[in-house]
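# Fold and contact review
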Amino acid sequence: MLMDVLPEKVRDWADALASGAHVWQQGRLAPGQLATAGGHLVLLAEQLEKAALHHSLLILDDEGIDVEVSAVKVVAGRDLLSLRLSAWSPVLKARLQAVAQGWDLACVPALPSAALPGLVLMDMDSTAIQIECIDEIAALAGVGDEVSAITRAAMEGALPFSESLRRRVKALAGADAAIIDQVIGRMPLMPGLTELVAGLKQMGWKVAIASGGFTPFACHLQETLALDAVFANTLEIRDGKLTGEVLGAIVDAEAKANILVDLAHEHGIPIGQTVAIGDGANDLLMLAQAGLGVALHAKPLVQEQAPVCINRLSLEGVLGLLQAH
């Protein structure tokens, strides 16, 4: 049987599957295609092994779902196995994640196409970059513990985001505004960010940030990566000091979801061709609004509710999802 002779490493399957797509049905993998697809399953890992497919097929068999192995690829140095499913249901995500041992996955009714125009809108702090900027500012201002505790509560959904932001910013009153440049100077990008942005630009996609953080950091990323747009909050500065106030409307969960819709409309992009990426509770509305919502190394509440969770790879995994067709 073909499954028995396939190499252990998925990236070595090219020769065995050279004849085209193969369908798993009633315990056998043989050449063929599904007449129609009711869903998609993408398996991703730094090095993907045959066990990932085997464990997934056990779940899909139990659900009575036929599977087409449609593509084996290496995207941004990561292995990818793309499967078309005869049917899809929301319960599949939890069941498949329960058996995932060293790989990430997306099990969704539809995937955006890299061949068509699209939009990626991502959160900034702990998503596009590896830090929470307000926590870094607070640490330099001497109020780090107080502010980081509020940040954790907000990201886990225990506090309304707007309230938590105003409380955190209030704690910064009187701090030297030069702290902002210090944080920008040592702001670490999230692994895979530059690969993701470069890949999206090559596809002709729009890339933007919607952040509950602050404009100096978002604008720095826009300049560094040539992003199409950034949206963030404005800290009030007077006489070189932070006043402890935020100017204008706060970019909260509802604002992020609205920004996604507005940007898609502005560029004539269908919602099905949009991707949102985030890690905190204030990203959930944006993730739900997008054609594909991806939680990156997310908090438990977000892991539970997000359509797709990437835990082992980083942002380069999103590029893989978009090139899975």
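First things first, this report covers the structure right here in the doc.

The rules behind these values
Residues numbered from 1 in each chain as written. Predicted model: local features only at pLDDT ≥ 70, side-chain atom pairs only at ≥ 80, totals over all residues. Heavy atoms only, no water. Buried < 20%, exposed > 50% of the residue type's maximum accessible area, 1.4 Å probe, protein only. Helix = DSSP H or I, 4+ residues; strand = E, 2+ residues; numbered from the N terminus. Arc of directions from axis to C-beta. Contact = heavy atoms within 4.5 Å. Pairing = 2+ DSSP bridges. Axes fitted to C-alpha atoms, helices over the stretch in contact; angles between N-to-C directions. Left-handed = near helix turned anticlockwise from the far one by under 90°. Nonpolar A, V, L, I, M, F, W, Y, C, P; charged D, E, K, R; others polar. Core = buried A, V, L, I, M, F, W, Y, C linked by side-chain atoms within 4.5 Å. 1 Å grid on protein atoms, 1.4 Å probe; cavity = no way out; pocket = protein on both sides within 12 Å on 5 of 7 lines; lining within 4 Å. Points joined across faces, edges and corners; volume = space filled by probe spheres on them. Lys, Arg positive; Asp, Glu negative; His and termini not counted. Salt bridge = Lys/Arg side-chain N within 4 Å of Asp/Glu carboxyl O.

### So, helix α7 (residues 178–185)
Of all the residues in α7, the buried ones are Ile179, Ile180, Val183 and Ile184. Down the axis of α7, the smallest arc covering the buried residues is 140°, so these residues share one side. Set apart from the buried face of α7 by more than 90 degrees, the exposed residues are Asp181 and Gly185. Buried residues belonging to α7 abut α4 (133–141), α9 (215–225), β9 (229–238) and β10 (241–247).

### A short note on the pairing of strand β7 (residues 119–122)
Every second residue of β7 is oriented toward a common face, with Leu119 and Leu121 on one face and Val120 and Met122 on the other, all of them buried. Of the strand pairs in this sheet, β7 and strand β8 (residues 206–214) are connected by 4 bridges, and their pairing is parallel. Considered in β8, the bridge of Leu119 is made with Lys206.

### Considerations on the packing of helix α2 (residues 50–62) against helix α3 (residues 91–99)
The geometry of α2 relative to α3 is characterised by a closest axis approach of 9 Å and an angle of 145° between their N-to-C directions. Of the two possible hands of crossing, α2 and α3 adopt the one that is right-handed. Between α2 and α3, the contacting residues are His55, Ser56, Ile59, Leu60 and Asp62 on the first element and Leu92, Arg95, Leu96 and Val99 on the second. The class makeup of the residues in the contact of α2 with α3 is 5 nonpolar, 2 polar and 2 charged.

### Comments concerning the nonpolar core
Generally speaking, a soluble globular protein has its nonpolar side chains buried in company with each other. Within the largest apolar cluster, 67 residues are counted, with the highest numbers of intra-cluster contacts made by Met122, Phe217, Leu221, Val275, Ile277, Val294 and Leu321. The biggest single contributor to this core is helix α8 (residues 193–203), with 5 residues. Setting aside its immediate chain neighbours within four residues, Val294 contacts Val275, Ala276, Ile277, Gly278, Leu287, Val308, Ile310, Val318 and Leu321. Residues Leu6, Leu85, Leu105 and Cys107 belong to the second largest nonpolar core, which totals 27 residues.

### Digging into the layout of surface pockets
Unfilled space is identified by rolling a water-sized probe across the atoms. In this structure, the largest pocket occupies an estimated 200 Å³ of space. Elements supplying a minimum of two residues to the lining of the largest pocket: β6 (104–108), α11 (284–289) and β12 (292–296). The residue inventory of the lining of the largest pocket, partitioned by class, reads 11 nonpolar, 2 polar and 1 charged.

### Observations regarding the side chain of Glu132
In this fold, Glu132 is placed in the loop between β7 and α4. Put simply, Glu132 is tucked away with no salt bridge, and the nearest opposite charge, on Lys299, sits 5.0 Å away.

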